[in-house]
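The residues making up each chain are set out below.
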Amino acid sequence: MPKLYEYLGIIMLFYSNEHEPIHVHGKYQGTESKAEIIIDNGQVVNIRYSSVAGRRPLSQRQMVNFQAVIEHYTEAIVQKWIDYFVLHKPVPSETITHTIR
């Protein structure tokens, strides 16, 4: 389960047995939500945020921070998905220490 980013205590990761569409889980103190990155003809056309079955969703405050990271790093997340699931390469984890707006 590769950890992609940590931002303000939120851990963003892929589960190792994932499926398409490309999506990222955000976890914070026992809560979890996910972001699906929708691609059409090689372009990101939408990002859908949702809860995860059986888990309490991120709070509104944490969701705002999760969305900020996903929207700021969308292209990098897509590349990490390709690296990990298609090319079977390890993906580095990054701790984000600056504020994302």
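Before reading further, recall that the structure is shown in the block above.
Computed from a predicted structure; not experimentally measured. (Residues numbered from 1 in each chain as written. Predicted model: local features only at pLDDT ≥ 70, side-chain atom pairs only at ≥ 80, totals over all residues. Heavy atoms only, no water.)

Caption draft 1: Seen up close, the overall build of the chain. In terms of regular secondary structure, the chain is built from two helices and six strands. Against the 2.2 N^0.38 benchmark of 13 Å for 101 residues, the chain shows a C-alpha radius of gyration of 13 Å, consistent with a compact globule. Projected onto its principal axes, the C-alpha positions of the chain cover 35 × 25 × 25 Å. The proportion of buried residues among the 101 residues of the chain is 42%. In the chain, 49% of the contacts between residues at least 6 apart in sequence involve partners at least 24 apart. Carbon and sulfur atoms make up 49% of the accessible area of the chain, which totals about 6,000 Å². Positive and negative side-chain charges of the chain, numbering 10 and 10 respectively, have mean locations separated by a distance of 9 Å. (Helix = DSSP H or I, 4+ residues; strand = E, 2+ residues; numbered from the N terminus. Rg over C-alpha atoms; globule rule 2.2 N^0.38 Å. Buried < 20%, exposed > 50% of the residue type's maximum accessible area, 1.4 Å probe, protein only. Contact = heavy atoms within 4.5 Å. Areas by Shrake-Rupley, 256 points an atom, 1.4 Å probe, with all protein chains shown as cover. Lys, Arg positive; Asp, Glu negative; His and termini not counted. Charge placed at Lys NZ, Arg CZ, Asp CG, Glu CD.)

Caption draft 2: A look at helix 1 (residues 60-72). With 13 residues, helix 1 should reach 18 Å at 1.5 Å per residue; the first-to-last C-alpha distance of 18 Å fits that figure. Listed as buried for helix 1 are Gln 62, Met 63, Asn 65, Phe 66, Ala 68, Val 69 and Ile 70. The secondary structure elements touched by the buried residues of helix 1 are strand 1 (3-7), strand 2 (10-13), strand 3 (22-28), strand 4 (31-40), strand 5 (43-51) and helix 2 (74-86). (Expected span 1.5 Å × (residues − 1).)

Caption draft 3: How the structure looks around helix 2. The terminal C-alpha atoms of helix 2 lie 17 Å apart, and with 13 residues this matches the ideal 18 Å at 1.5 Å per residue to within 8%. Of all the positions in helix 2, only Thr 74, Ile 77, Val 78, Lys 80, Trp 81, Asp 83 and Phe 85 are classed as buried. Trailing helix 2 by a residue or two, His 88 shows a phi angle of about 55°, which is positive.

Caption draft 4: A look at the packing of aromatic side chains. Under the criterion given, the structure shown has six aromatic pairs. Between the aromatic rings of Phe 14 and Phe 85, the centroid separation amounts to 5.5 Å while the plane-to-plane angle is 55°, which identifies the pairing as tilted. Of this pair, Phe 14 sits in the loop between strand 2 and strand 3 while Phe 85 is found in helix 2, placing the two residues 71 residues apart along the sequence. You can call Phe 14 buried: its relative accessible area is 0%. Considering the side-chain rings of Tyr 84 and Phe 85, the 4.9 Å spacing of their centres and the 90° angle between planes classify their relative orientation as edge-to-face. The class of Tyr 84 is partly exposed, set by a relative accessible area of 23%. By the ring-pair criterion, three or more aromatic residues cluster together here, those being Phe 14, Trp 81, Tyr 84 and Phe 85. For Lys 80, the ring lying beneath its charged end belongs to Tyr 5, and the centroid distance is 4.8 Å. (Phe/Tyr/Trp six-rings, centres within 6.5 Å; stacked < 30°, edge-to-face > 60°. Lys NZ or Arg CZ within 6 Å of the ring centre and 35° of its normal.)

Caption draft 5: Seen up close, the pattern of salt bridges. Evaluated as defined, the whole model comprises six salt bridges. Across the pair Glu 36 and Arg 48 runs a salt bridge, and its minimum N-O distance is 3.1 Å. Of this pair, Glu 36 sits in strand 4 while Arg 48 sits in strand 5, placing them 12 residues apart in sequence. Under the relative-accessibility criterion, Arg 48 is labelled partly exposed at 42%. Among the charged side chains, a salt-bridge network with shared partners connects Lys 34, Glu 36 and Arg 48. (Salt bridge = Lys/Arg side-chain N within 4 Å of Asp/Glu carboxyl O.)

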